[in-house]
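Fold and contact review
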Amino acid sequence: MATFDYSDDSVVVVIGSGAGGGTLGNELAQKGIKVVCLEAGKRQSSALFINDEWKSFSQLAWLDRRTTSGTWRIAKDFAGLPAWICKTVGGTTTHWAGASLRLQEHEFRARTVYGEVAGANLLDWPLTLAELEPWYAKAEDKMGVTRTNGIPGLPGNNNFKVLYSGATRLGYKEVHTGRMAINSQPRDGRGRCMQLGFCFQGCKSGAKWSTLYTEIPKAEATGNFELRTGAHVTRIEHNDAGKVSGVVYVDQDGKEQRQKARIVCVAGNSIETPRLLLLSESSKFRDGLANSSGQVGRNYMRHMTGSVYAAFRQPVHMYRGTTMAGIVRDEAGHNPQRGFAGGYELETLSLGIPFMAAFLNPGGWGEDFAWWMDHYTHLAGMWLVGEDMPRATNCVTLNREVKDQWGNPVPNVHFDDHPNDVAMRNHAFTQGERIYQAAGAIRTFRTPPYPSTHNLGTCRMSSREGDGVVNKWGQTHDIGNLFISDGSQFTSGGAENPTLTIVTLAIRQADYIARQMSEHAI
Amino acid sequence: MRIIPLVAKTGSPEGCDDDSGVVRKLDLPLTRREFLSGSGLLFGSLAAGSLLASLAPSAAWAVELKTLDEAQGATLMALGRVLYPHQKLPDAVYALLAKDLDAKAGASGDTAKLLADGLAWLDHTAGGSFRTASRKRRLEAVKSMEGTAFFNAVRGQCVTSLYDNDMAFAVFGYPGSAWEHGGYITRGFQDLKWLAAPPAEASPPPFF
Ligand SMILES: Cc1cc2nc3c(=O)[nH]c(=O)nc-3n(C[C@H](O)[C@H](O)[C@H](O)COP(=O)(O)OP(=O)(O)OC[C@H]3O[C@@H](n4cnc5c(N)ncnc54)[C@H](O)[C@@H]3O)c2cc1C
Ligand code: SF4
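Attention here is on the structure that accompanies the text. (Residues numbered from 1 in each chain as written. Chains lettered and ligands numbered in written order. Predicted model: local features only at pLDDT ≥ 70, side-chain atom pairs only at ≥ 80, totals over all residues. Heavy atoms only, no water.)

Comments concerning the overall build of chain A
Heads up, the rule is: The way it works is that DSSP assigns letters per residue, a run of H or I at least four long becomes a helix, a run of E at least two long becomes a strand, and they are numbered from the N terminus. We take the radius of gyration over the C-alpha atoms and set the globule estimate at 2.2 Å times the residue count to the 0.38 power. Only protein chains enter the accessibility calculation, which uses a 1.4 Å probe; a residue is then buried when its area is under 20% of its type maximum, exposed when over 50%, and partly exposed in between. The method behind every accessible area is Shrake-Rupley, applied with a 1.4 Å probe, and residues are considered shielded solely by the protein chains displayed. By the counting scheme adopted, Arg and Lys are positive, Glu and Asp are negative, and His together with the chain ends is not counted. Lysine's charge is taken at NZ, arginine's at CZ, aspartate's at CG and glutamate's at CD.
Tallying secondary structure elements over chain A gives 12 helices and 17 strands in all. Against the globule reference of 24 Å for 522 residues, chain A gives a C-alpha radius of gyration of 22 Å, in line with a compact fold. Considering only C-alpha atoms, chain A reaches an extent of 70 × 50 × 45 Å along its principal axes. Out of the 522 residues in chain A, the part that is buried amounts to 70%. Accessible area for chain A stands at about 15800 Å²; split by element, carbon and sulfur atoms hold 47% of it. If you average the places of the 54 positive and of the 52 negative side-chain charges in chain A, the two averages end up 3 Å apart.

Details of the site of ligand 1
Residue and element names in this part refer to chain A. Let me state the cut-off plainly: Being near a molecule or strand, for a residue, comes down to having at least one heavy atom within 4 Å of it. Side-chain atoms alone can form a polar contact between residues adjacent in sequence; in general such a contact is a pair of N or O atoms within 3.5 Å, and within protein one must be able to donate a hydrogen while the other accepts it.
Residues in close proximity to ligand 1 total 39 residues, the closest being Gly 20, Glu 39, Thr 92, Asn 269 and Thr 499. Thr 92 places a side-chain nitrogen or oxygen 2.5 Å from an oxygen atom of ligand 1. Protein contacts shield 98% of the accessible area of ligand 1, which totals 1000 Å² for the unbound molecule. For the shell around ligand 1, the secondary-structure elements that each account for two or more residues are helix H1 (19–30), strand E2 (35–39), strand E6 (232–238), helix H8 (269–279) and helix H12 (499–518).

Brief notes about the pattern of salt bridges
All names here are of chain A. Rules: Whenever Lys or Arg places a side-chain nitrogen within 4 Å of a carboxyl oxygen from Asp or Glu, that contact is recorded as a salt bridge.
Tallying each qualifying case throughout the model produces 34 salt bridges over all chains. For Glu 345, the salt bridge is made with Arg 329, and the minimal N-O distance between the two is 3.0 Å. Separated by 16 residues along the polypeptide, Glu 345 in strand E12 (residues 344–348) and Arg 329 in the loop between strand E11 (327–328) and E12 bring together distant segments of the chain. Judged by relative accessible area, Glu 345 falls into the buried class, the value being 0%. In this structure Arg 329 comes out as buried when scored by relative accessible area, which is 15%. In this structure, Glu 496 engages Arg 329 in a salt bridge whose closest nitrogen and oxygen atoms are separated by 3.3 Å. In this pair, Glu 496 is assigned in the loop between strand E17 (482–484) and H12 and Arg 329 in the loop between E11 and E12, connecting sequence segments 167 residues apart.

Section: unusual backbone geometry
Residue and element names in this part refer to chain A. If you check the backbone angles, Asp 188 has positive phi at about 55 degrees while not being a glycine. As for its placement among the helices and strands, Asp 188 is situated in the loop between strand E4 (175–176) and helix H7 (215–221). Residue classification places Asp 188 among the partly exposed positions, given a relative accessible area of 36%. Here the phi dihedral of Gln 195 falls at roughly 60 degrees; this positive angle occurs in a residue that is not glycine. Summarising the element assignment, Gln 195 is placed in the loop between E4 and H7.

Focus: the packing of helix H2 (residues 70–83) of chain B against helix H5 (residues 135–145) of chain B
Residues and elements named next belong to chain B. Short version of the rule: Only C-alpha atoms enter the line fits that serve as axes; for helices the fit covers just the stretch in contact. Angles between N-to-C directions range over 0 to 180 degrees. In these notes the angle categories are as follows: under 35 degrees is roughly parallel, over 145 is roughly antiparallel, 65 to 115 is roughly perpendicular, and the rest is oblique. Residues are treated as being in contact if the distance between any of their heavy atoms lies within 4.5 Å. Three classes are used: nonpolar for Ala, Val, Leu, Ile, Met, Phe, Trp, Tyr, Cys and Pro, charged for Asp, Glu, Lys and Arg, and polar for all others, with Gly counted as polar.
With their axes 10 Å apart at the nearest point, H2 and H5 run at an angle of 85 degrees to one another. Taken as axis vectors, H2 and H5 run roughly perpendicular relative to one another. For the pair H2 and H5, contact is made by Leu 79, Val 82 and Leu 83 and by Arg 138, Leu 139 and Val 142, respectively. Classifying every residue of the contact of H2 with H5 by side-chain character gives 5 nonpolar, no polar and 1 charged.

Observations concerning the site of ligand 2
Residues in close proximity to ligand 2 include A:Ile182, A:Cys193, A:Met194, A:Gln195, A:Leu196, A:Gly197, A:Phe198, A:Cys199, A:Cys203, A:Ser205, A:Lys208 and A:Thr322, which together make up its full environment. Looking at the shell around ligand 2, its residues break down into 7 nonpolar, 4 polar and 1 charged.

Here it is in structure tokens:
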């Protein structure tokens, strides 16, 4: 592994080593560009991952203080934990389930296709699906997505059998084991899925794609990439010309360090990314970096979500095998007759006993709750995920009343469900319950959203400078050598799980940065 | 508190059919009389012939309290049973709730007071003794406290104390860690037989 000097101002600093940062760092390093990747978390490995929900959570999750406000139920159920994301090398690709879907063509044109939606701040992407298709293809190949590149689908587990049976009886057509960045057969030096059922706890077999053991070691092997772990960036600095010049971070020993940079790319996931821009306020940029539009932190999206669990007379043992074992795609399109704009996916999901107790019905108690836990082996489960409306008022801001371990204001995450989100959630709950009833469920249960796993939109892409923070390359409108490289770039959320798109944008961004560097444009 | 872990006993793969999951080793809390120096002791034994008793080398369990007294510990156990009433969960699991709250009371005077006051109030509301009050009266007393800091502290603790332990895993049929058993690829991840198997396009066969 390379090491670079703190004063080396020819390096690209990448903040975060997850889906966005890990991918971007590797792509740049492969092109011969020097990269210093600063990651707040520690380095784990498949061997160190733990098949135990709470222990794994404390090993991998981002647990720094955060606050919440707004009418979303998370503010009541999990006031200090708005998001379920990671602080570790590989970021949330250690926790993720692996569902890898492309956005649909119309989802890039949400404002045009859905029209004016009151209370929403919809905007078209400055990008089309056609432009992204070749990059999607590269991302699918990199991640080894099933049902692409001739890779077979995964075998469905018991939880999928129940979903399949109910969904097809209900008349749904597109029901299968999904497009998953999980090896169904050995590929890229990694084995096939052992059906452990602990995908959310870090894949101990390495079958599931994570930047931890794909992008990062590949980047390190180039000799152009230095990963510094336990390096928590607290500020991005700029020079008099208004270009970014480096970053300040707290290193693994708690000491403050300054790394110079030619280019800075931020990929801290959609809460930390805008927070860092806001924390970097200066006399020149009083509202934070790259915030002339006032859009930094705004339009926070978290996907419409919810879960349906159902109890059956016969056993299911849903916890056996891949957590997200299959999908129903028939509701993913835009069909306003359902009473809302955008669409949603239904995907199997399973929790172990410890997380079931915490998430089935947060705050719930009594005989009814106990009944569900008693029927654990006879439960099937699914997760609902759909497009939510961007709103200017749903935002990440600095909470100056509360400080983190380094004395910096913590992020506050404010969210109010848009009526469109509520209408979609109710529709999805109903359809989810009908699927399980069609499979013979004796009871069904509507589980409210978990802390946000998909965090998007807080530095969105726009063609006009006043509408967003970055251009179609993820380059900030205001500062040419400052890039956003994670899901914060999303102009709208789409119905699909976001990571494939994050990886796609990162590969494409690396290409753009390399070109701009060789043209000395940045 | 000194906990003497019982010998690990792993479930057999044969148990991994439709009706039963593999059940994990048990880790019963057990304290020896001679080590006691605390404020109280909760003890009991697993019902003879029960699933748990068959998994544990010894049926006896005991939990030593450091801050709370025995009556308070026993009342917390009874409260746990009202909040999360599982017939199949043995008292030993509810004793873990008392143990964990006892530890918190030991770490914080405020928590100790919150618990002491809340438990006294429960007894009072239930007409003297929460533990010996009728089922109905206990439930009413708990409902009347819903939303209080005491209620939230105890209910929140239940989520991990009652459900994140080997005994609960065994009772609910959740085998826990799968890695050391090679996952479920050859252990029933698709053994459900009461519904037709999906076609191969939807669910291709596993790779071996
Ligand atoms: C349980 C779960 C299941 C999921 N399943 C799916 C799925 O099936 N499909 C899908 O598409 N998506 C899924 N996701 C979402 C997916 O994990 C995220 O979309 C993706 O990882 C986001 O990538 P990112 O690069 O934006 O952020 P992350 O992967 O979260 O990486 C951000 C990294 O930046 C670091 N960081 C943050 N701030 C700083 C700082 N100031 N200094 C230094 N480092 C910093 C963090 O420690 C972290 O490692 C799931 C998420 C969860 C939690
Ligand atoms: S089920 Fe497959 S992908 Fe998930 S953790 Fe296990 S081996 Fe990894």
